[in-house]
Amino acid sequence: MGSKSLCITYLLWLIGGWIGLHHFYLRRDRHAFVWWCTFGGVFGLGWFRDLWRIPSYVESVNEGQAFIEYYTSLLRTRQKPYFNITRFAGQLAVGWFFGLLATLTISEEFHSDHFYVRAIIVPFAVAVGVHLVGNIGREQVTLTSCLKGSYPLLLLFLSDPNMLTYMSLLSTIMAQRNRDFRRTPDKQRGFCTRVFILALAGSLIITMWCSFLYFNASVTTEDGETIKLRDSIDNFFNSRVWKDFKETLRNIYEDAKVRGWQNVWNDFVKAMDPEGEENAYQVLGVDPNASSEEITKTYRKLVRVWHPDKHRNKDTEEGAAETFMKIQKAYETLSKIKARRSRKNEQSRRD
């Protein structure tokens, strides 16, 4: 494993720090995952803290002589790592977040018929969140110690709205009491394996969010009636809009088989009007086949009509100025396009 660059780490922190890209580069995959699923470490707080923590992360992964001596000294002189309020708060926050996500994933209708499902899954999710943060870097905790803190309070505070807070707090306390140094390095996995594991974990989080939205989110009609999202989705696939969309896709596919995908793509790009040509023709009110002389003639007429000097009235001055600017921009757009095509045609004739 090659040494990691401090400059590259800061660059990755800047461009993709909120999804933990710099932590992935430093092989801190747990750290990267926490940053990704909590939007930059609890809405950017962790990302900002990394600004001055990155040098220590780089030194740790590179295992320089100074770091080795320091870490060896800690192992000799201390039975467990120093208490870190930031790690404690992180375990509490991520444990609470995972527990909340697990709660939201299970719909109220399902929970009313199968109340035991939340009783099993939610404390486990809390413990996983606490365990995940507790095993970042050179420290480790066991999942068992986290579970010992999340499950016992379940019966006492089952219907309490603050149940998640109590479970997360006790689970974090139990994890802190049993924290230890990571005395042997993590198993070194290949790049593809690491990406696969993170993608699998990320897919689980996304699936839980989708489950929450599907079972709990709702839309309100113009009549003020509230409809569950899952019902509106079922109705959407039977709607005229969806049937027209499928018919359009089918027509595009049939057209591509006849004319080729490249021609279909060219038509699509043209329809998107990336240069604003179609809009410019509409603004000036000229035909797309109009010559440069016709476009110029129309432009001059419109300029005389909409020039701000002819609209001193306060009621029309602002609108006239805006229209005048649109006319100028449209003329400039068409002039550039016409000039470029003229040069290209002239070059083609020469060749």
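Residues numbered from 1 in each chain as written. Predicted model: local features only at pLDDT ≥ 70, side-chain atom pairs only at ≥ 80, totals over all residues. Heavy atoms only, no water.

Turning to the overall build of the protein, a few remarks are in order. Counting its secondary structure elements, the protein contains 18 helices and four strands. On C-alpha atoms alone, the protein measures out to a radius of gyration of 31 Å, which is more than a quarter above the 20 Å that the 2.2 N^0.38 rule sets for 351 residues. With the C-alpha coordinates of the protein rotated into their principal frame, the extents come out at 90 × 60 × 55 Å. Relative to its full complement of 351 residues, the protein shows a buried share of 32%. In the protein, once contacts between residues fewer than 6 apart in sequence are set aside, the share between residues at least 24 apart is 63%. (Helix = DSSP H or I, 4+ residues; strand = E, 2+ residues; numbered from the N terminus. Rg over C-alpha atoms; globule rule 2.2 N^0.38 Å. Buried < 20%, exposed > 50% of the residue type's maximum accessible area, 1.4 Å probe, protein only. Contact = heavy atoms within 4.5 Å.)

Per the stated rule, a full pass over the model turns up 17 aromatic pairs. Considering the side-chain rings of Phe 97 and Trp 209, the 6.4 Å spacing of their centres and the 45 degrees angle between planes classify their relative orientation as tilted. With Phe 97 in helix H7 (residues 85-105) and Trp 209 in helix H12 (residues 191-216), this residue pair connects regions lying 112 residues apart in the sequence. On the basis of relative accessible area, Phe 97 is assigned to the buried category, the value being 14%. A relative accessible area of 29% places Trp 209 in the partly exposed class. On the basis of an interplanar angle of 70 degrees and a centroid distance of 6.1 Å, the ring pair of Trp 209 and Phe 212 is categorised as edge-to-face. Within this pair, Trp 209 and its partner Phe 212 are both found in helix H12, separated by three residues, close to a single helical turn. Grouped by ring-pair contacts, the aromatic residues Phe 97, Phe 98, Trp 209 and Phe 212 constitute a single cluster. When the ring centre of Phe 24 is taken as origin, the NZ or CZ atom of Arg 194, which lies over that ring, is 4.1 Å away. (Phe/Tyr/Trp six-rings, centres within 6.5 Å; stacked < 30°, edge-to-face > 60°. Lys NZ or Arg CZ within 6 Å of the ring centre and 35° of its normal.)

Applying the stated rule across the entire model yields 11 salt bridges. A salt bridge links Arg 340 to Glu 275, with the shortest nitrogen-to-oxygen separation between them at 2.6 Å. Note that Arg 340 is positioned in helix H18 (residues 314-350) and Glu 275 in the loop between helix H15 (261-272) and helix H16 (277-284), a separation of 65 residues in sequence. Given the relative accessible area of 32%, Arg 340 is considered partly exposed. Take Glu 275: its relative accessible area is 43%, and that puts it in the partly exposed class. Salt-bridge contacts for Glu 322 lead to Lys 326; the nearest nitrogen and oxygen are separated by 3.8 Å. Taken as a pair, Glu 322 and Lys 326 lie in helix H18 at a separation of four residues, close to a single helical turn. Looking at Glu 322, the relative accessible area reads 47%, which means it is partly exposed. (Salt bridge = Lys/Arg side-chain N within 4 Å of Asp/Glu carboxyl O.)

A contiguous nonpolar patch, built from Leu 11, Leu 14, Ile 15, Trp 18, Ile 19 and Leu 21 and spanning about 600 Å² of accessible area, is present on the exposed surface. Of all the elements, helix H1 (residues 6-16) adds the most residues to the nonpolar patch, at three residues. By the element assignment, Leu 21 lies in helix H2 (residues 21-25). The class for Leu 21 is partly exposed, based on a relative accessible area of 32%. (Patch = residues over 30% accessible without salt bridge, like charges linked within 9 Å, V, L, I, M, F, W, Y side chains within 5 Å. Areas by Shrake-Rupley, 256 points an atom, 1.4 Å probe, with all protein chains shown as cover.)

On to the layout of surface pockets, then. Of the volumes computed, that of the largest pocket is approximately 1,200 Å³. Considering the residues around the largest pocket, the lining is formed by 40 residues, among which Asp 29, Arg 30, His 31, Leu 132 and Asp 186 are closest to the centre. By residue number, the principal contributor to the lining of the largest pocket is H12, which donates seven residues. Estimates place the volume of the second largest pocket at around 910 Å³. What lines the second largest pocket is a set of 34 residues, among which Arg 49, Arg 53, Tyr 57, Asn 84 and Arg 87 lie closest to the centre. Listed by contribution, the elements that provide at least two residues to the lining of the second largest pocket are helix H3 (29-37), helix H4 (39-43), helix H5 (45-62), helix H6 (65-77) and H7. Sorting elements by how many residues they give to the lining of the second largest pocket places H5 first, with nine residues. (1 Å grid on protein atoms, 1.4 Å probe; cavity = no way out; pocket = protein on both sides within 12 Å on 5 of 7 lines; lining within 4 Å. Points joined across faces, edges and corners; volume = space filled by probe spheres on them.)

What follows covers H18. An α-helix turns once every 3.6 residues. As a result, residues three or four positions apart point the same way. Here H18 spans 55 Å end to end across 37 residues, near enough to the 54 Å set by a 1.5 Å rise per residue. Within the sequence span of H18, burial applies to Ala 320, Phe 324, Ile 327, Ala 330, Tyr 331, Thr 333, Leu 334 and Ile 337. The elements touched by buried residues of H18 are H16 and helix H17 (292-306). (Expected span 1.5 Å × (residues − 1).)

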